Amino acid sequence: MMFWSCQESPKKTIPIKPTPKKQPSTVLKTPTTPLPEGLVDVQQINAAIQIDLKYTTTDNFLRERLYTRLQKAYLQKDVAIRLSEVQKELSRKYPGYQLLIYDAVRPVSVQEKMWKALDSLPVKERIKFVSNPKNLSLHNMGAAIDLTILNANGEALDMGAGFDDIRKIAYPCLEDSFLKVGQLTPLQVQNRKILRSTMLMQGFRQLPTEWWHFNACSREEAKRKYKVLYLEP
Ligand SMILES: [Zn+2]
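Per chain, residues are indexed from 1 in the order of the written sequence. Only residues with pLDDT of at least 70 get local features here, since the model is predicted, and only at 80 or more are side-chain atom pairs given and counted; chain-wide, interface and lining totals rely on the full set of residues.

Asks: Can you help me understand the overall build of the protein in this one?
Replies: Numbered from the N terminus, helices here are DSSP runs of H or I no shorter than four residues, and strands are runs of E no shorter than two. Within the protein one finds eight helices and seven strands. Three exposure classes are used. Buried residues have 20 or more other C-beta atoms within 10 Å of their own C-beta, exposed residues have 12 or fewer, and partly exposed residues fall in between, all C-beta atoms being placed from the backbone. Relative to its full complement of 233 residues, the protein shows a buried share of 36%. Contacts spanning at least 24 positions in sequence make up 77% of the contacts within the protein whose residues lie at least 6 apart. Residues are treated as contacting if the C-beta atoms built from their backbones sit within 7 Å of each other.

Printed below as a string of structure tokens:
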């Protein structure tokens, strides 16, 4: 039954509501305000980790530049240290492989913008893709990461679905079903497993609906340990 629900809308595209306010076109290289305490630049912790912040570009599901000041991947320090351990393990097992971060800390204002842009979807569907800003996302605390892996040639591994792909083929929980009918290849599933298993070894938790998203801990634990960060995007 689960699988038939995957099959319903494999090519579904979502109408995205354009956001009314235009982003300033100037890209500032450094934040104008100091970073909140606790946050670190991931690349300062481990320079082997690469970044391609999709929301600093128009190459994202909103096709709009959402970050202007935020140009680096910032995380809580303990989360960044765990991610560094993931990179070390990856390098040990697969020489030349590097983590590639698509998104790390995300300002609450951007979370709200994403939520509103998808308001054509019923809430039940929308929360599979974007956390309700009322409940916040662990991204808003610097405790979630969107990422993939680059091979030794610097190419992103084929995961069978792109970043921010809303189709069910991106759901880790349905991989076996898509593999069975040949819509995902064994190599694509294997690539996802490399990412997942190295992240899980450091206690990260994968979202069942996004192969690229990992939380550092439970929502309850994050709320106890970290502050919500109201950054300038
Ligand atoms: Zn995410």
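Asks: I tried to follow the sheet that holds strand β4 (residues 98-103) on my own but got confused; where do I start?
Replies: Neighbouring strands of a sheet are bound in pairs by backbone hydrogen bonds; such pairs are parallel or else antiparallel. Taken in spatial order, the five strands of this open sheet run β2-β4-β5-β7-β6, and their pairing is mixed. Looking along the sheet, the strands with just one partner apiece sit at the ends: β2 (50-51) and β6 (205-206). A pair of strands is labelled paired if DSSP reports no fewer than 2 bridges between them. Pairing of β6 with strand β7 (residues 213-215), which is carried by two bridges, proceeds in the antiparallel orientation. Its bridge partner lying in β7, Q206 is registered against F214.

Asks: Explain the nonpolar core to me, please; I cannot follow it from the model alone.
Replies: A general tendency of soluble globular proteins is for nonpolar side chains to be buried together. To define a nonpolar core, we join buried Ala, Val, Leu, Ile, Met, Phe, Trp, Tyr and Cys residues through C-beta atoms within 7 Å and take the resulting set. Of all hydrophobic cores here, the largest spans 54 residues; its most connected members are L75, I101 and A143. Taken together, the elements giving at least two residues each to this core come down to β3 (74-76), α3 (77-93), β4, α4 (108-117), β5 (144-150) and α7 (186-201). In terms of residue count, α3 provides more of this core than any other element does, five residues in total. Non-local contacts of L75, meaning those with residues more than four positions away in its chain, are made with L39, V40, V42, A80, L83, A104, V105, G142 and I145.

Asks: I'm lost on the pairing of β5 in this one. Help?
Replies: Where a strand is regular, its side chains alternate between the two sheet faces. β5 sits mainly inside the fold: six of its seven residues count as buried. The pairing of β4 with β5 spans five bridges and is antiparallel. Bridge assignment links L100 to a residue of β5, and that residue is T148.

Asks: Teacher, can you tell me more about the packing of α3 against α7 here?
Replies: Between two packed helices, both the angle of their axes relative to each other and the distance between the axes serve to describe the pair. For helices, the fitted axis covers only the stretch in contact; all axes are lines through C-alpha atoms, and the angles between them, taken along N-to-C directions, range from 0 to 180 degrees. At their nearest, the axes of α3 and α7 sit 9 Å apart, and the two run at 130 degrees to each other. In terms of axis orientation, α3 runs oblique to α7. Note on packing geometry: the crossing formed by α3 with α7 is right-handed. Taken together, the residues of α7 that come into contact with α3 (itself represented by V86, E89 and L90) are T198, M199 and M201. Roughly parallel covers angles under 35 degrees, roughly antiparallel covers those over 145, roughly perpendicular covers 65 to 115, and oblique covers all other angles. Take the far helix as your reference; a near helix turned counterclockwise from it by less than a right angle gives a left-handed crossing, and one turned clockwise gives a right-handed crossing.

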